[in-house]
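Overview (structure and organization)
Here's the letter readout for the chains.
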Protein chains: 2
Amino acid sequence: MRIALAQLNLHVGNFDHNIQLMLDALSRAKRAGADLVLFPELSVCGYPARDLLLSESFVNRCLHTVEQIAGHCNGIAAVVGGPARNTGKPGKKLYNSAFLLFDGKVQFVYNKGLLPTYDVFNEYRYFEPATSFQTFDFGGQRLALTVCEDIWNIGEHPMYPINPPDMLQSHKPTVMLNISASPFAWNHYTERMRILSATARKYRLPLFSANLVGGQTDLLFDGGSAVFNSRGEMIDSLPQFTEDLCVYDLQEVETATAQPIPSIPGGTGKCALIRDAIVMGIRDYFRKTGIKKAIVGLSGGVDSAVTVALAVEALGKENVWAVLLPGPHSSDHSVTDAVFLAERLGIRYDTISINDTVVSMEKSLQQHFKDTESGIAEENLQARARAVILMALSNKFGHMLLNTSNKSEAAVGYSTLYGDMCGGLSVLGDVYKSDVYGIARLINKEREVIPESTMTKPPSAELKPGQKDSDTLPEYEILDAVLYRFLDEQKDAETIIGEGFDRAMVVKTLKMISGSEYKRYQTPPILRISPKCLGVGREMPLDADYKTICEPVKTVSRTN
Amino acid sequence: MRIALAQLNLHVGNFDHNIQLMLDALSRAKRAGADLVLFPELSVCGYPARDLLLSESFVNRCLHTVEQIAGHCNGIAAVVGGPARNTGKPGKKLYNSAFLLFDGKVQFVYNKGLLPTYDVFNEYRYFEPATSFQTFDFGGQRLALTVCEDIWNIGEHPMYPINPPDMLQSHKPTVMLNISASPFAWNHYTERMRILSATARKYRLPLFSANLVGGQTDLLFDGGSAVFNSRGEMIDSLPQFTEDLCVYDLQEVETATAQPIPSIPGGTGKCALIRDAIVMGIRDYFRKTGIKKAIVGLSGGVDSAVTVALAVEALGKENVWAVLLPGPHSSDHSVTDAVFLAERLGIRYDTISINDTVVSMEKSLQQHFKDTESGIAEENLQARARAVILMALSNKFGHMLLNTSNKSEAAVGYSTLYGDMCGGLSVLGDVYKSDVYGIARLINKEREVIPESTMTKPPSAELKPGQKDSDTLPEYEILDAVLYRFLDEQKDAETIIGEGFDRAMVVKTLKMISGSEYKRYQTPPILRISPKCLGVGREMPLDADYKTICEPVKTVSRTN
């Protein structure tokens, strides 16, 4: 039997697009002699469809699309993902299902048993988990179909009380198939491959896994569909961040040369991987929203420099417009650095001073501000004046404003709500400042695109004379180390302090995080590249008392 | 046996506050001769604690608090809500539990079986559902403890495959107890009472239910804790929107006079109920975030008028600051209406013209805008200039900006992102324009607070000469009827059209809804008063193709 993996970039709700992609893949697979094609999880409607799944007409259209694809499955079979109705049984109205199609119709439906509802996942909102699982005989093989999370419950501390592959095992399958929508994080590919490997090895089955590829707003899917032999060795993995179709002979898989699982795929390091993911994310968000052009405010700093460079990679230099918005405290080098960058990228750029606008605003506030000391309010006026100009250009000419905040400043709230926090998409909101520099260095690898002085000058918001980020924040190297431990690794304050970080600095940092939850509530969608993004997948209360989290008292717990 | 219901306004993460409230209620109940006190669901930590529940130190503090309360349970028992650890068994790390405390310690732990994960709920993100359920003997009674949703699975189309009260029934309990955090919607009290009634009747058990009260950011809890006899008759219900403690003799409940379940509690209608909920919501959000004062931009229109009047009810007139921000297209009556209102309310108000700021902005954009027609971009400049001024005052003096958008305009995106969409809290974002007028009439019941002309003039954003909302939108009466059916009742386009609404108008309206998802993604938290709020509880993709939802094709479904 020959099995094809169809790694496609599907679009939520765009049934015409999705069916065309899938029928095209079906034809190509057939021409390449495939007997069966695997498509990603929920492929007919795209993933994540979120509350569109609560619409009857949306679900009808999904089911209709499954039927349409089935109508083309002659001489070839397909496994497509889509919602199935739970009719008759108690529970939620839908299952998250894999439909096995051939001879022009649906032959078998497998319902997903393990519904991830952590981090970015919310599947139990829509689907009933299946509790019994059947194999299906096709082409002389006994297929153990599974959907994504179904094979992820094999660790030492299982998150679910049941384990579908164990239950399928009793039917003596000969091959395992997995369709998935497993999102990207810079360290997730390796974890995914290890789970696939462990599953193939545990059940002594060759394993074929088709994963979704493409950006879906903030969630990025990297593809990397893969094939493992029954000893758990990786035989092949499709590329990341691009569509692909590959056909494998089931017998040959067992004898083919195995490949090592890389710790960072691509071999060019973490920042290169993040860069590729972000470029795909920008491109797909624009394509899927139908917006062609981006606008970015260039400050002369590294964040906006990297944002605009990645936008150019994603959208082409003709589609990116840079606007320099010097204000009362902008340094000369800010402007020259920004101009250098825009010229190196070959993009249109304009300069619009915010000085007069800021003066007007200050004048209208003069009476109220007269006996106060200049501070955050005055600084924010500048950031907001810039946002108003950028949004006016966006509204007038239809460019989407890209947000340039990085994860370090977003985490501690070192940013102006309705100022530099504006934008239709946050490009670097999940990238720590240290990694922003890492990406900048990659961009500059062949020639100086981002001026050296942008890389070497101390980071500054330039909202008051001589201001430096380090006046307010710990040095980014330290800050990022604390943030990474607290956010990505989910270590608590006491553990982080125990690793040698200064207690007062840690407490201050964690207080800044909780003190800015209200700002991040209104953040644009953030391209997710880490295990814990500050956007989707992190749900914090806004009016809670965070003392227990931020100010650890060693002796608080007598229980447990 | 005498059972007390302690309807408390708990604060997420504020353990010191919560324990003080609970110990105080325990003392009062004891003095009143109670044998057992019921506290709301997850009372030790507050509800919803969201991802704070993923923190080990937070959970430790919860468990410690349970122990602390247990230490005070001498001569009286308590049922408190809190997370319990799932140790040893596969599944999520926590249960959502009810702890029965007496003789100074935890005597019994009941774990919730049905975890709501729809609309505003996300409990399966944190908790493992229990699958077996025990009663507990106390004070000569056999207690069937349940937690909130556990008793909600008795309808004709059960959402969960199991039904905990059925399983408890086999142990022959003599009384049922329910601790809950069931949030407010204007029509939800009645639904909740009918479920409680049906449960008591079905199992022939007296039923005591303690519900949470208070605002928790966007989620409002109305209390209305209640007692039913074993025939399903309501014996008593505690007031809404306020804390209360009441003690009942179990025997007397069976013979006490029953009360009818009102279709709208309070007897003063839907808008009165919404008003009370919102006032509680404003008050609690300020109290729990520690912010004392509010600032509101007064436009002379009904939305900002109602917002500021409700803010005065919630915070007191000395804590509300109104700012009039007339612009180039503001009419005279806008200013006089706003002044009238501010003076009637007795609040501080100031007038700050945005004209010079808008002129400055336009001047700086002149070169780029010169060959274009004046439109949305220019209109938005005015809305954003207002926001910048309001936010500057907010940042300078520490007042929280209240957002004044209503649900009708928020739904169709008739609003300016970073303009009138700004604010720390959306007061009316879940209230349709028609109901905003309803609340305005209530506010004016005893004397004219909101000027009559505000109520009678055609709604206008006043961002261009002679502009009226109805230039762009259907009349609000029609618009609200369509929105209510689509959003709150979740009817699809074809059904709404089938009810007699104009097809083109419905399609246009639904397209406006999906076309503004990206704006609402960045909305402030919205006080939730309806079954389907546009904030929490509604999760829509931003880059999806919405055609299937917005442009119905009657013949699309051959399947199903």
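Residues numbered from 1 in each chain as written. Chains lettered and ligands numbered in written order. Predicted model: local features only at pLDDT ≥ 70, side-chain atom pairs only at ≥ 80, totals over all residues.

In this section: the interface of chain B and chain A. Each partner contributes to the interface: chain B provides 90 residues, whereas chain A provides 88 residues. Broken down by secondary-structure element, the contributors of at least two residues to the side of chain B that touches chain A are α2 (56-71), α6 (270-289), α9 (355-369), α10 (376-397) and α19 (547-550) of chain B. Looking at the side of chain B that touches chain A residue by residue, the classes come out as 43 nonpolar, 27 polar and 20 charged. (Contact = placed C-beta atoms within 7 Å. Helix = DSSP H or I, 4+ residues; strand = E, 2+ residues; numbered from the N terminus. Nonpolar A, V, L, I, M, F, W, Y, C, P; charged D, E, K, R; others polar.)

Okay, the sheet that holds strand β8 (residues 175-180) of chain A next. Residues and elements named next belong to chain A. Overall, mixed pairing links the six strands, which are arranged β6-β7-β8-β9-β12-β13 in an open sheet. At either end of the open sheet lies a strand with only one pairing partner, and these are β6 (136-138) and β13 (234-237). Sheet twist, expressed as the average angle between the axes of neighbouring strands with direction ignored, equals 20°. Pairing of strand β9 (residues 207-211) with strand β12 (residues 226-228) involves three bridges; the strand directions are antiparallel. Each residue of the ladder has a partner; that of Ser 209, found in β12, is Ala 226. Packed on one face of the sheet, helix α4 (residues 188-203) meets β8, β9, β12 and β13 and runs near 30° to β12. (Pairing = 2+ DSSP bridges. Axes fitted to C-alpha atoms, helices over the stretch in contact; angles between N-to-C directions.)

As a further point, take α10(B). Between its first and last C-alpha, α10(B) extends 32 Å over 22 residues, near the 32 Å set by a 1.5 Å rise per residue. One or two positions beyond α10(B), positive phi appears at B:Gly398, with a value near 80°. (Expected span 1.5 Å × (residues − 1).)

A separate point is helix α15 (residues 476-488) of chain A. Residues and elements named next belong to chain A. Those residues of α15 that fall on the buried side of the exposure criterion are Tyr 476, Leu 479, Asp 480, Val 482, Leu 483, Tyr 484, Phe 486 and Leu 487. At its buried positions, α15 is contacted by α11 (407-412), α12 (433-443), α16 (493-498) and α17 (503-515). Gln 490 occupies a position one or two residues after α15 and carries a positive phi of about 55°. (Buried ≥ 20, exposed ≤ 12 C-beta atoms within 10 Å, placed from the backbone.)

The operation relating chain B to chain A is a screw motion whose rotation component is 180°, with 0.0 Å of axial translation and a residual RMSD of 0.0 Å. A rotation of that kind, with that shift, is consistent with a two-fold axis. Distance from the rotation axis, computed per C-alpha, reaches its smallest value in chain B at B:Gln522: 2.2 Å. (Least-squares fit on C-alpha atoms with pLDDT ≥ 70 in both.)

Our focus in this paragraph is the domain arrangement of chain A. Note on interface size: it is often stated as the accessible area lost on association of the parts. All names here are of chain A. Partitioning chain A into structural domains gives domain 1 (2-267) and domain 2 (272-550). Placing the centre of domain 1 and that of domain 2 at their C-alpha centroids yields a distance of 37 Å. Contact with domain 1, which involves 21 residues of that partner, is made by 20 residues of domain 2. Secondary structure elements with two or more residues in the side of domain 1 that touches domain 2: β10 (213-216) and β11 (219-222). Broken down by element, the side of domain 1 that touches domain 2 gets its largest block of residues, three residues, from β11. Its residues assigned to classes, the side of domain 1 that touches domain 2 comprises 10 nonpolar, eight polar and three charged. (Domains from an automatic or database assignment.)

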